[in-house]
Amino acid sequence: MDSKRRKLLHAIGGTGVVAAASPYLSFPAFAQNTPLRIGIIAPKAGIAGTIGECGLRGTQYAVAEMNAAGGIAGRKIELIVEEETNPKDSIERLRKLVLQDKVDCVQGIVSSGVSLAMGAVAEEMKALLVFWDGTTQDGVKETLRNKRYVFCSTDNECEAVMASLLVVKHWKGKFKRVAGINPDYSYGRNNFAAFQALMKKFGVEHEIVAEQWPKVGTTDLTSHVAALKAAKPDLVFSSLLFADLPIFMRTSHGAGLMDGGTKFAFPGAGFQHTALKKPFTPEGMILGHNTLYFDHPNASPMQKKFVKEYEDKYKDYPNWEADRAYFAMAVYKAGVEAAYKAKNAWPGKEDIINAMEGVKVMSLGGPGEMRKDHIAEQTFYQGLSTHKNRYDFPTLGNIDTMYSTQLQKPAGMDFWEWIKTANIKL
Amino acid sequence: MTAFFDILLGGVFHAAVLFLVAAGLQLVFGVQKIVNLACGSFYALGAYFGITSVNWAVSAGVPPSLFLLVLLASGLLLGLIGPAIELLLRTVYDRDEAFQLLLTFALVLMFQDVLRYFWGATPQTLGNYAMEYGKLSVGDLQVPTYNILVILASILIAFGIGAFLQRTRYGRILRATAENREMSQALGVNVRWMYTTVFTLGTVLGTVGGAMVVPTAAASLDMPVELVVEAFAVVVIGGLGSMRGALIGALIVGLMRAAAISWWAEIEMLAIYLVVIAVLIVRPAGIFGKPIE
């Protein structure tokens, strides 16, 4: 896993030199005069509002950085931001961006419900679309097998796979009774099923004693916690990741569910990391920070610079959506510039798409690439929580890093079959 | 046995939260005959304003243990928006119910933007203030003292309003006005002032309720709609316009939900709406509602 990361860093080192030199490269005058228009569709309100806001900040940071360095292949970037709401309205905004605003590329989307519906429409419209998050999978089955215009993020199950592997690594033999509390939609259901499949694969003897499926946005989890407590679990696995996660932790703490050494694994905790205050979150929980762990002591200089500026500007610490948004912009930039270089003229959409396939970039959280089947590969971070830090919320005491080739199925493969047959290393 | 009491207390706590939302709805409908969809917005506004007030008070040197008083004060203060909203509602008092629903739904949407403007899209929480008063422990049973305070506050509010309506002169006039507005007006009751008072009281119930519950939950832009949906189940079961109905309805919904979550989590909402359907079939006006003529 580490050698893969090193190889990627070497490969990216080369492109980094090109990127650093880009202000000094000469581009035709006509190109420099017309800005590239990029449409962003991101949630601004509701349960995913925080996430959309953080992603938008990541995009704005990327654009400011790129524009300061000469833009993309000499053209400045101009953003047109629309709101992600339900699938129907979000698709209308995609149409508006493509047909009316005539954007060169659309990026964004957090909800899988929206991305699943929008992917097919973008393919039909031949609109270049790079997702920050979400998926075009129905459950764990890919619905757009031969994507041409749509580029997806890593599969949603990556964080559950990694958290499950850490459960095996740290706690195998130390628990038997397992309870799950996961959001009641495909993400939560698939994550808990993946956890169970991995326990089976690694021969971890366990028994599911309770399953809770609160609907997204539930703000009173008292009864759910009471039901979990009644089941007396040794381990609680939870993919809650919106505002319901801190509520769950606080309620669990109040009800005594966290007493007695119960273990907790939260693959999606990074979205809420600053809301998980120390008084109600014990040390030693598995916390997932996905593709950006803001406090990584060995983070790249670019991540450290971003986190510092983010903290200064917003008095907050970024979550992984900022990285996903940065990654989407970096992949597009790398694709455009590679196509431009190959053609020695401004490339068409098809040339850009061809160049984006297989492109490797350095994102805020670490190295990543866009697979030929238009699924991203990125670096993931999880670990055991600690209170030994300067914040009022837990961070990671020991950090596990995995590249997503170890966490998601390869092109065209069935997810459950992959779990059964993959040579996954702990 | 511990598990049973854990589940029971979970249900009663949810009932207390629902009652605080439904009480304002009931009071306003009972007197003014307006189905105020915006009652959930007052609740959300109280929650957001409560968080800001506590954070401000603590940073100004108020001891954290006094946060409950700050929350109550902020809820009461915010209730002052009631007269202004009531002024707006006067335009639809004598119009079709559809207009009233449209206007109060418009208020829900407008308040959502107000919340977004002042507090942003990010859900807000009050950290760990709910544990400021510690826990009550009996054997394995543990419950935050604050949750018990919320339950007691709801009971107190229910009996307080009941006593106000039944035992005071103003309460009797208020009930008489609810029965026959024209006759009350003819007898010299200042109906306009009465409506303002009732609506403000309904608003205060929402804002104080939101402020009180937020330490155990989170304030989010979605909460007005989510809670109102459940509050309507409470109202249908208990009977529209009845305060006793709100209390019993909230208890039924809260306990049904807790039981469903514990024994068959998938039917959490189905269980509640099966009761709603049963009540509509057996007693269309609700348990304490007046029969529909």
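Throughout, residues of each chain are indexed from 1 in the direction in which the sequence is written. Chains and ligands are labelled by the order in which they are written, letters from A for the one and numbers from 1 for the other. At least 70 in pLDDT is required for a residue's local features to be given in this predicted model, at least 80 for side-chain atom pairs to be given and counted, and no such filter applies to totals for whole chains, interfaces and linings, which use all residues. Hydrogens are left out, water is left out, and the side-chain values use all remaining heavy atoms of the structure.

Draft legend 1. Seen up close, the overall build of chain A. The way it works is that DSSP assigns letters per residue, a run of H or I at least four long becomes a helix, a run of E at least two long becomes a strand, and they are numbered from the N terminus. The secondary structure content of chain A amounts to 13 helices and 16 strands. Taking 426 residues into account, the globule formula puts the C-alpha radius of gyration at 22 Å, and chain A, at 21 Å, falls close to it. Each principal axis of the C-alpha distribution contributes one length, and for chain A these read about 70 × 45 × 40 Å. Each residue is assigned to one of three classes by its accessible area relative to the maximum for its type, calculated with a 1.4 Å probe on protein chains only: buried under 20%, partly exposed between the two thresholds, exposed over 50%. A total of 426 residues make up chain A; the buried ones form 62% of that total. Whether two residues touch is decided by their heavy atoms; if any such pair falls within 4.5 Å, the residues are in contact. Long-range contacts, defined as pairs at least 24 residues apart, comprise 72% of the intrachain contacts of chain A with a sequence gap of at least 6. Each accessible area is a Shrake-Rupley estimate made with a 1.4 Å probe; only the visible protein chains count as cover when residues are assessed. Surface exposure of chain A reaches about 15400 Å², of which carbon and sulfur atoms provide 53%. Measuring between centres, the 52 positive side-chain charges of chain A sit 4 Å from its 46 negative side-chain charges. Throughout, radius of gyration means the C-alpha value; the globule benchmark is 2.2 Å times the number of residues raised to the power 0.38. When charges are counted, Lys and Arg contribute as positive and Asp and Glu as negative, whereas His and the chain ends are disregarded. Charge positions are represented by NZ for Lys, CZ for Arg, CG for Asp and CD for Glu.

Draft legend 2. Structural detail: the layout of surface pockets. Residues and elements named next belong to chain B. Put simply, the largest pocket is a space of about 1200 Å³. Surrounding the largest pocket, 38 residues form its lining, Leu-240, Gly-241, Ser-242, Met-243 and Phe-288 being those nearest its centre. Element by element, the count of residues in the lining of the largest pocket is highest for helix H6 (residues 145-167), at seven residues. Think of it as three bins: nonpolar holds Ala, Val, Leu, Ile, Met, Phe, Trp, Tyr, Cys and Pro, charged holds Asp, Glu, Lys and Arg, and polar takes everything else, Gly as well. Residue composition of the lining of the largest pocket, grouped by class: 22 nonpolar, nine polar and seven charged. Cavity means a closed set of points on a 1 Å grid over the protein atoms alone, one where a 1.4 Å probe fits but cannot get out, pocket means an open set with protein on both sides within 12 Å along at least 5 of 7 lines, and lining means a residue has an atom within 4 Å of a point. Grid points are joined across faces, edges and corners, and a volume is the space filled by probe spheres set on the points.

Draft legend 3. Summary view of the packing of H6 of chain B against helix H7 (residues 169-179) of chain B. All names here are of chain B. The contact between H6 and H7 brings their axes to 5 Å, and the two run at 80°. Between H6 and H7, the crossing angle belongs to the class labelled roughly perpendicular. Residue-level inspection shows Phe-164, Leu-165, Gln-166 and Arg-167 of H6 in contact with H7, the latter providing Arg-169, Tyr-170, Gly-171, Arg-172, Leu-174 and Arg-175. Of the residues contributing to the contact of H6 with H7, the split by class is four nonpolar, two polar and four charged. Orientation is described by axes fitted as lines to C-alpha atoms, over the contacting stretch for helices, and by angles from 0 to 180 degrees between their N-to-C directions. An angle below 35 degrees is treated as roughly parallel, one above 145 as roughly antiparallel, one from 65 to 115 as roughly perpendicular, and anything else as oblique.

Draft legend 4. Focus on the interface of chain B and chain A. Listed by partner, the interface residues are 39 residues for chain B and 36 residues for chain A. Accessible area, probed at 1.4 Å, shrinks when two parts are joined; the buried area is that loss added up over both. Counting the surface lost from both chain B and chain A, the interface buries some 2800 Å², and carbon and sulfur atoms represent 50% of this. It is Ala-121, Asn-128 and Ile-261 of chain B that lose the most area in chain B upon contact with chain A, and together they represent 15% of the buried surface on that side. One side-chain nitrogen of Lys or Arg within 4 Å of one carboxyl oxygen of Asp or Glu is enough to make a salt bridge. Our count for the chain B to chain A interface comes out at three salt bridges. Here Arg-189 of chain A and Glu-266 of chain B are joined by a salt bridge, their closest N and O atoms 3.9 Å apart. Polar contacts here mean pairs of N or O atoms no more than 3.5 Å apart (in protein, one a potential hydrogen donor and the other a potential acceptor; neighbouring residues in sequence count only if both atoms are side-chain atoms). Here chain B is connected to chain A by 10 residue pairs in polar contact (both at pLDDT 80 or more). Put simply, the parts of the chain that give the side of chain B that touches chain A at least two residues each are helix H1 (2-32), strand S2 (141-144), helix H11 (243-263) and helix H12 (268-282) of chain B. For the side of chain B that touches chain A, the leading source of residues is H1 of chain B, giving seven residues. Looking at the side of chain B that touches chain A, its residues break down into 19 nonpolar, 11 polar and nine charged.

Draft legend 5. Fine view of the pattern of salt bridges. All names here are of chain A. On inspection of all chains with the given rule, the structure shows 30 salt bridges over all chains. Here Arg-95 and Glu-92 are joined by a salt bridge, their closest N and O atoms 3.7 Å apart. You can see Arg-95 and its partner Glu-92 sitting in helix H4 (residues 87-100), three residues apart, about one turn around the helix. The class for Arg-95 is partly exposed, based on a relative accessible area of 31%. Ionic pairing is found between Lys-409 and Asp-155, a salt bridge with its closest N-O pair at 2.9 Å. Residue Lys-409 is found in the loop between strand S16 (395-403) and helix H13 (415-421), and its partner Asp-155 is found in the loop between strand S7 (150-151) and helix H6 (158-171); the two are separated by 254 residues along the sequence. This pair shows no difference in class: Lys-409 is buried, exactly as Asp-155 is. By sharing partners, the salt bridges in this structure join Glu-82, Lys-96 and Asp-101 into a single network.

Draft legend 6. Broad picture of the packing of aromatic side chains. Residues and elements named next belong to chain A. Centre distance within 6.5 Å is the pairing criterion for rings of Phe, Tyr and Trp, where only the six-membered ring of Trp is used; planes under 30 degrees apart are then read as stacked, over 60 as edge-to-face, and the remainder as tilted. Under the counting rule described, the total for this entry stands at 34 aromatic pairs over all chains. Measuring from ring centre to ring centre gives 6.2 Å for Phe-248 and Phe-266, while their planes differ by 70°; the resulting arrangement is edge-to-face. A residue pair is termed long-range when its members are at least 10 positions apart, and Phe-248 in helix H9 (residues 244-255) and Phe-266 in strand S11 (residues 263-266) qualify at 18 residues. By relative accessible area, Phe-248 is classed as buried at 0%. Measuring from ring centre to ring centre gives 5.0 Å for Tyr-317 and Tyr-391, while their planes differ by 75°; the resulting arrangement is edge-to-face. With a gap of 74 residues between them, Tyr-317 in the loop between helix H10 (301-314) and helix H11 (320-343) and Tyr-391 in the loop between strand S15 (376-386) and S16 connect regions that are remote in the sequence. Accessibility expressed as a relative area gives 15% for Tyr-317, which makes it buried. Here Tyr-391 falls in the buried class, since its relative accessible area comes to 8%. Following the ring pairs from residue to residue traces out a cluster consisting of Tyr-61, Phe-306, Tyr-310, Tyr-314 and Tyr-326.

Draft legend 7. Highlighting empty space enclosed by the protein. Per the counting criterion, the structure on display carries four cavities of 30 Å³ or more. Here the largest cavity is characterised by a volume of approximately 200 Å³. If you trace the largest cavity, you find 18 residues lining it, with Thr-219 and Asp-220 of chain A together with His-14, Leu-227 and Glu-230 of chain B closest to the centre. Looking at the lining of the largest cavity, the elements that each hand over two or more residues are H1 and helix H10 (223-238) of chain B. With four residues, the top contributor of residues to the lining of the largest cavity is H10 of chain B. Considered class by class, the residues forming the lining of the largest cavity number seven nonpolar, five polar and six charged.

Draft legend 8. Focus on the pairing of S2 of chain B. Residue and element names in this part refer to chain B. Residues of S2 alternate between two faces, with Leu-141 and Val-143 on one and Gln-142 and Pro-144 on the opposite face, all of them buried. Relative to S2, strand S1 (residues 135-138) is paired through four bridges, and the arrangement is antiparallel. Paired with Val-138 across the bridge in S2 is Leu-141. Between S1 and S2, which follow one another and run antiparallel, lie two residues, and Gly-139 among them has a positive phi close to 60°. Here, a strand pair is defined by DSSP locating no fewer than two bridges between the strands.

Draft legend 9. Spotlight on the sheet that holds strand S1 (residues 36-42) of chain A. Residue and element names in this part refer to chain A. Here we have five strands laid out as an open sheet, ordered S2-S1-S3-S4-S7, and parallel in their pairing. Taken across any chain shown, the strands that pair with only one partner, and hence form the sheet edges, are strand S2 (77-83) and S7. Alignment of S1 against S2, held across seven bridges, turns out to be parallel. Note that in S2 the partner of Ile-41 across the bridge is Glu-82.

Function-wise, these values are silent; they only describe arrangement.
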